[in-house]
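# Coordinate analysis (summary)
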Amino acid sequence: MSERLLTYLYQYGVGGLVFFGSLLLLWRRGMLGGQSAERRRWVLLLLLGMVAYAAVQGVLQFVGPLYDLDLGGVW
């Protein structure tokens, strides 16, 4: 496997464990809302945020280097 892929998998593997552990603690403490519909909405929002963040980072990390951008000698 490439180093970039291993880095990505490690980051979201370890980070995912911390994220889901924190989410579980918040759920059990009732800190995501009083009603079950409100808790589900918060969990969905947090999961979608993490997936969106991982997707944007994945695009920048794996697709971005394929393009050689010529900035006209600015940089």
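Description of the structure in this document. (Residues numbered from 1 in each chain as written. Predicted model: local features only at pLDDT ≥ 70, side-chain atom pairs only at ≥ 80, totals over all residues. Heavy atoms only, no water.)

## Some words on the packing of helix α1 (residues 3-29) against helix α2 (residues 36-63)
Relative to each other, α1 and α2 sit at 170°, their axes nearing to 12 Å. Judged by the inter-axis angle, α1 sits roughly antiparallel to α2. Residue composition of the contact of α1 with α2, grouped by class: 15 nonpolar, six polar and three charged. (Axes fitted to C-alpha atoms, helices over the stretch in contact; angles between N-to-C directions. Helix = DSSP H or I, 4+ residues; strand = E, 2+ residues; numbered from the N terminus. Parallel < 35°, antiparallel > 145°, perpendicular 65-115°, else oblique. Nonpolar A, V, L, I, M, F, W, Y, C, P; charged D, E, K, R; others polar.)

## Considering the packing of aromatic side chains
Note on aromatic pairs: each is described by the distance of the centres and the angle between the planes. The tally for this structure, following the rule as stated, stands at three aromatic pairs. Between Y8 and Y12, the aromatic rings sit 5.0 Å apart at their centres with planes inclined by 55°, giving tilted as the arrangement. Placement of both Y8 and Y12 in helix α1 is noted, with a separation of four residues, approximately one turn of the helix. For the pair Y8 and Y12, a shared accessibility class is recorded, and that class is buried. Judged by centre distance (5.4 Å) and plane angle (75°), the rings of Y8 and F62 are edge-to-face. Taken together, the positions of Y8 in helix α1 and F62 in helix α2 put the pair 54 residues apart, joining distant regions of the chain. Overall, F62 belongs to the partly exposed group, its relative accessible area being 25%. (Phe/Tyr/Trp six-rings, centres within 6.5 Å; stacked < 30°, edge-to-face > 60°. Buried < 20%, exposed > 50% of the residue type's maximum accessible area, 1.4 Å probe, protein only.)

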